[in-house]
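What the coordinates show
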Amino acid sequence: MMTKDNPREKWALPRTVVKAGENWALVCGRCNRCGTVVFPRPPICPVCLDESLEPDLVCDGGILYSYSIVHAVRAGWTSPYGLAYVDFPNGVRICGPLDIPADGHISLDSPVSLTVGELRVDAEGVSWLSHRFSALGSGAKHGKESMR
């Protein structure tokens, strides 16, 4: 699963998730002028409009800021699914799918790990992959590969 040459899999946000050793990492952009960190990495800084953003990898230390359980889904998506905002130590807040624990509850401000897994399956049967978050020690379902 999740091989570069698999035609039955595509990334929902290409070039935003990379392997960093044995772990997955998200490619953020850090502005060389003002230090703002954003995800995904844009061509210009949204704060000072400088064009010199360097890659800044985020892979662990995420803390759950907020989440919602979504029950009304689009074609190809599994219901219900979680959607979360996660804060990282470098100051960036990232939105992404959240693996839902068996009991359906995750405490805010709890640590989460970065995972990679299926976001949806399209009409041609292609699996679209994305970064995901999973509460540490929660027994969450739907995650494919955990960073920890």
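Residues numbered from 1 in each chain as written. Predicted model: local features only at pLDDT ≥ 70, side-chain atom pairs only at ≥ 80, totals over all residues. Heavy atoms only, no water.

Attention shifts here to the pairing of strand β2 (residues 17–20). Pairing analysis gives four bridges linking β2 to strand β3 (residues 23–31), with the strands arranged antiparallel. Across the sheet, the residue bridging to Lys 19 is Trp 24, located in β3. Counting the residues in the hairpin turn of β2 and β3 gives two residues, including Gly 21, whose phi is positive at 70 degrees. (Pairing = 2+ DSSP bridges. Helix = DSSP H or I, 4+ residues; strand = E, 2+ residues; numbered from the N terminus.)

Attention now goes to the packing of aromatic side chains. Two aromatic rings are characterised by how far apart their centres lie and by the angle between their planes. The final tally for this structure, using the stated rule, is three aromatic pairs. Centre to centre, the rings of Trp 77 and Tyr 81 are 5.2 Å apart; their planes meet at 40 degrees, and the pair counts as tilted. Look at Tyr 81 and you get buried, because its relative accessible area is 17%. The positively charged end of Lys 19 is found above the aromatic ring belonging to Trp 24, 4.7 Å away from the centroid. Directly above the aromatic system of Tyr 65 lies the positively charged group of Arg 93, at a separation of 3.4 Å from the ring centroid. (Phe/Tyr/Trp six-rings, centres within 6.5 Å; stacked < 30°, edge-to-face > 60°. Buried < 20%, exposed > 50% of the residue type's maximum accessible area, 1.4 Å probe, protein only. Lys NZ or Arg CZ within 6 Å of the ring centre and 35° of its normal.)

Attention now moves to the side chain of Ser 130. Among the structural elements, Ser 130 can be located in strand β10 (residues 127–135). When its relative accessible area of 7% is taken as the criterion, Ser 130 is described as buried. Sequence-distant contacts of Ser 130, defined by excluding residues within four places in its chain, comprise Trp 11, Ala 12, Pro 97, Thr 115, Val 116, Gly 117 and Leu 119. (Contact = heavy atoms within 4.5 Å.)

Let us now look at the nonpolar core. Counting 20 residues, the largest nonpolar core has Cys 28, Val 86, Phe 88, Val 92, Ile 94 and Phe 133 as the members making the most contacts within it. Among residues more than four places away in sequence, those in contact with Val 92 are Cys 28, Val 37, Val 38, Phe 39, Val 58, Val 86 and Asp 87. With five residues, the next largest nonpolar core counts Cys 31, Val 38, Cys 48 and Leu 53 among its residues. (Core = buried A, V, L, I, M, F, W, Y, C linked by side-chain atoms within 4.5 Å.)

Moving on, we get to the pattern of salt bridges. Evaluation of the coordinates by the stated rule reveals four salt bridges. One salt bridge in this structure joins Arg 33 and Asp 50, with 3.9 Å as the shortest N-O distance. With Arg 33 in the loop between β3 and β4 (37–38) and Asp 50 in the loop between β4 and β5 (53–58), this residue pair connects regions lying 17 residues apart in the sequence. Taking the relative accessible area as the measure of exposure, Arg 33 reaches 56% and is therefore exposed. The class for Asp 50 is buried, based on a relative accessible area of 16%. For Arg 132, the salt bridge identified is with Asp 99, shortest N-O distance 2.7 Å. (Salt bridge = Lys/Arg side-chain N within 4 Å of Asp/Glu carboxyl O.)

On the secondary structure map, Val 47 appears in the loop between β4 and β5. Classification of Val 47 as exposed rests on a relative accessible area of 58%. Considered as a pair, Val 47 and Thr 36 are 11 residues apart in the sequence and their alpha carbons are 7.2 Å apart. Setting aside residues no more than four positions away along its own chain, Val 47 makes contact with Cys 34 and Thr 36.

Our focus in this paragraph is unusual backbone geometry. A cis amide bond links Phe 39 with the next residue in sequence, Pro 40, at an omega value of -10 degrees. Residue placement: Pro 40 occurs in the loop between β4 and β5. A cis amide bond links Ser 79 with the next residue in sequence, Pro 80, at an omega value of -10 degrees. In this structure, Arg 15 takes a positive phi of about 65 degrees despite not being glycine. Position of Arg 15 among the secondary structure elements: in the loop between β1 (9–11) and β2. Given the relative accessible area of 75%, Arg 15 is considered exposed. In the Ramachandran plot, Leu 49 falls in the positive-phi region, its phi being about 70 degrees despite a non-glycine side chain.

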